[in-house]
Amino acid sequence: MFRKINLLIQGILTFKDWHLWVGDRFKILTPGKITLFRLRNGISFFLTQGEQGFGSFQEIFIEERYNKYYKIKSGDKIVDIGSGIGEYIVYSEKRGANAVGYEADEKRFLFSKLNILINKCKGETFHKRVVSLDDIGNSDIDFLKMDIEGGEFKIAENTKDFRRFKNIAMEFHDLPEPFENKLKGQNFDVKTEYTSKDSGYLYATRK
């Protein structure tokens, strides 16, 4: 109960339109309605209610799940696989990073282009379904974030070499042992933290 109360307080302090975040959690928002969701720090996002959940804002801006073990620094090169409507791209760019995102869903991709623009960010996003990381970028990447609703292990299976990525954080929706073993075999320190029986977050740092 204390955690839920604390989360509500943090949400009210972080989100100017916190009532939309609460409404989404209780499924009382009008599905299909395009709305503007504003944060108190001046960042805002267009989204479609019922299609782009507000949970990602909680993960990124309140809990900072992806950056639990790595804090973004100015000048960092960031790759976001499953960039949604641009939430993490904007988050990282506002911290001085240079971010590139890939999103398979066309509607979310178009929202991400709009949200990057209205927040005056320079990050790029591409409408592409990524199946391997071997052809992403041509130099060392400081941080890789992945959230592709179960598709992360297909990417892990198809990717030969992860060593261009210095730090990795991803949400997983299946047991992560094969991915853990592959990363450990390529000289990464790996941590996994479960939020349910078979889902959670994986964090890896290149040694």
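Here's the deal with the side chain of Asp80
Here is step 1: Within the element layout of this structure, Asp80 appears in strand E3 (residues 77-81).
Here is step 2: When its relative accessible area of 0% is taken as the criterion, Asp80 is described as buried.
Here is step 3: Here Lys145 takes part through its side chain, which lies 2.9 Å from a polar atom of the side chain of Asp80.
Here is step 4: Not counting the four nearest positions on each side in its chain, Asp80 is found in contact with Tyr88, Ile89, Val100, Gly101, Tyr102 and Lys145.

Overview of the pattern of salt bridges
Here is step 1: Overall, the coordinates contain 14 salt bridges when judged by the stated rule.
Here is step 2: Between Lys145 and Asp80 there is a salt bridge whose closest N-O contact spans 2.9 Å. Pair noted here: Lys145 is in strand E6 (residues 143-146) and Asp80 is in strand E3, with a separation of 65 residues, a long-range link. For the pair Lys145 and Asp80, one class covers both residues: buried.
Here is step 3: Between Asp140 and Arg206 there is a salt bridge whose closest N-O contact spans 3.4 Å. Taken together, the residues span a long stretch of sequence, with Asp140 in the loop between strand E5 (124-127) and E6 and Arg206 in strand E9 (residues 200-206) at a distance of 66 residues.

Section: the packing of helix H1 (residues 2-14) against helix H2 (residues 18-25)
Here is step 1: Between H1 and H2, the shortest axis-to-axis distance is 8 Å and the interhelical angle comes to 140°. Between H1 and H2, the crossing angle belongs to the class labelled oblique. Taking contact as the criterion, the partners of Leu7, Leu8, Gly11 and Ile12 in H1 are, on H2, Trp18, Trp21, Val22 and Arg25.
Here is step 2: Class assignment for the residues of the contact of H1 with H2 results in six nonpolar, one polar and one charged.

Some points on the pairing of E9
Remember that side chains alternate between the two faces of the sheet whenever the strand is regular.
Here is step 1: Among the seven residues of E9, five are classified as buried, and the element is accordingly described as predominantly covered.
Here is step 2: As paired elements, strand E7 (residues 167-172) and E9 share six bridges and run antiparallel to each other. Bridge pairing in E9 links Phe172 to Gly200.
Here is step 3: Here seven bridges tie strand E8 (residues 188-194) to E9, and the two strands are oriented antiparallel to one another. Each bridged residue has a counterpart across the sheet, and for Thr192 the counterpart in E9 is Leu202.
Here is step 4: Hairpin remark: E8 followed by E9, antiparallel, with five residues in the connecting loop.

Calculation rules
Residues numbered from 1 in each chain as written. Predicted model: local features only at pLDDT ≥ 70, side-chain atom pairs only at ≥ 80, totals over all residues. Heavy atoms only, no water. Helix = DSSP H or I, 4+ residues; strand = E, 2+ residues; numbered from the N terminus. Buried < 20%, exposed > 50% of the residue type's maximum accessible area, 1.4 Å probe, protein only. Polar contact = N/O pair within 3.5 Å; in protein donor to acceptor, adjacent residues only side chain to side chain. Contact = heavy atoms within 4.5 Å. Salt bridge = Lys/Arg side-chain N within 4 Å of Asp/Glu carboxyl O. Axes fitted to C-alpha atoms, helices over the stretch in contact; angles between N-to-C directions. Parallel < 35°, antiparallel > 145°, perpendicular 65-115°, else oblique. Nonpolar A, V, L, I, M, F, W, Y, C, P; charged D, E, K, R; others polar. Pairing = 2+ DSSP bridges.

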